[in-house]
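# A look at the structure
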Amino acid sequence: IRDSVFVEFCVEDSNDVKVNFDKLKMEFNCVSGTDNIKHHNTVDLFGEIDPKSSKHRRTDRSVLCCLRKAEAGKSWPRLTKDKAKCNWLSVDFNNWKDWEDDSDEDLSSFDKFSEMMNSMGGDDLPDLDGADEERDSADSDDESKYNSEGPVL
């Protein structure tokens, strides 16, 4: 968790998913539903990521992105560069892990994803809910924890 940030865009029945990673931002685009509603989101990130190591995975219900931090172990006080509260962004406490509870025997979530990808013989994130996969870069929502000033990523 210290070396990765997970972002999940909750968009059902997405098509034409495009996720682009840059060092300081990620861009998400897709079309969803029978009405072909267009979704676009650009997130200016708090810190730098490694665009080549970051990945995304489309499911029937969402697009999950795993952003690999450029500086592993460095905490982020929030996901976004700006301190402004984003009404579309929330913490997924089901996947939140307190840094003080980390143990050396636990693999990071990114390493677990990598092991699953290697065991599958491919370069994609695992099929999280049985959906067909689409892969570009990676973008998603945020799993983090809170300190007195907000989430720590």
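Basis of the calculations
- Residues numbered from 1 in each chain as written.
- Predicted model: local features only at pLDDT ≥ 70, side-chain atom pairs only at ≥ 80, totals over all residues.
- Heavy atoms only, no water.
- UniProt positions renumbered as here; feature names shortened; annotations may be inferred.
- Helix = DSSP H or I, 4+ residues; strand = E, 2+ residues; numbered from the N terminus.
- Buried < 20%, exposed > 50% of the residue type's maximum accessible area, 1.4 Å probe, protein only.
- Salt bridge = Lys/Arg side-chain N within 4 Å of Asp/Glu carboxyl O.
- Polar contact = N/O pair within 3.5 Å; in protein donor to acceptor, adjacent residues only side chain to side chain.
- pLDDT = per-residue confidence, 0-100.
- Contact = heavy atoms within 4.5 Å.
- Pairing = 2+ DSSP bridges.
- Axes fitted to C-alpha atoms, helices over the stretch in contact; angles between N-to-C directions.

Per an unreviewed UniProt entry, the protein goes by the name Prostaglandin E synthase 3 and belongs to Kryptolebias marmoratus. In its Catalytic activity (unreviewed entry) section, the UniProt record describing the protein reads: "prostaglandin H2 = prostaglandin E2". Regarding the protein, the UniProt comment filed under Sequence similarities (unreviewed entry) reads as follows: "Belongs to the p23/wos2 family."

## Some details on unusual backbone geometry
One non-glycine residue with positive phi stands out, namely Asp16, at about 50°. Secondary-structure assignment places Asp16 in strand β2 (residues 14-21). With a relative accessible area of 49%, Asp16 lands in the partly exposed category. Even without glycine at this site, Asn36 takes up a positive phi of about 50°.

## Considerations on the pattern of salt bridges
Taken as a whole and judged by the stated rule, the model has two salt bridges. The residue Lys74 makes a salt bridge to Glu71 at a minimum N-O spacing of 3.9 Å.

## Digging into the environment of Ser32
Turning to its location among the elements, Ser32 is positioned in strand β3 (residues 25-32). For Ser32 and Glu12, which are 20 residues apart along the polypeptide, the C-alpha to C-alpha distance reads 6.5 Å. Of note is the side chain of Ser32, whose polar atom sits 2.8 Å from the side chain of His39.

## Remarks on the confidence of the model for the protein
Of all residues in the protein, 62% attain a pLDDT of 70 or more, and the chain-wide mean is 76. In the predicted structure, residues 120-148 sits below a pLDDT of 50 and forms 122 contacts with residues beyond four places in sequence or in another chain.

## Details of the sheet that holds β2
Strand order in this open sheet of three strands is β2-β3-β4, and the pairing throughout is antiparallel. Looking at strand neighbours, the two that pair on one side only are β2 and β4 (37-44), the edges of this open sheet. In this sheet, adjacent strand axes meet at a mean angle of 10° when their direction is disregarded. Two elements, β2 and β3, share six bridges in a ladder whose sense is antiparallel.

## Brief notes about the sheet that holds strand β5 (residues 55-58)
One open sheet accounts for three strands, arranged β1-β6-β5; its pairing is antiparallel. Either end of the sheet is taken by a strand with one partner, and the two such strands are β1 (4-9) and β5. On average, each strand axis in the sheet is inclined to that of its neighbour by 15°, with strand direction left out of account.

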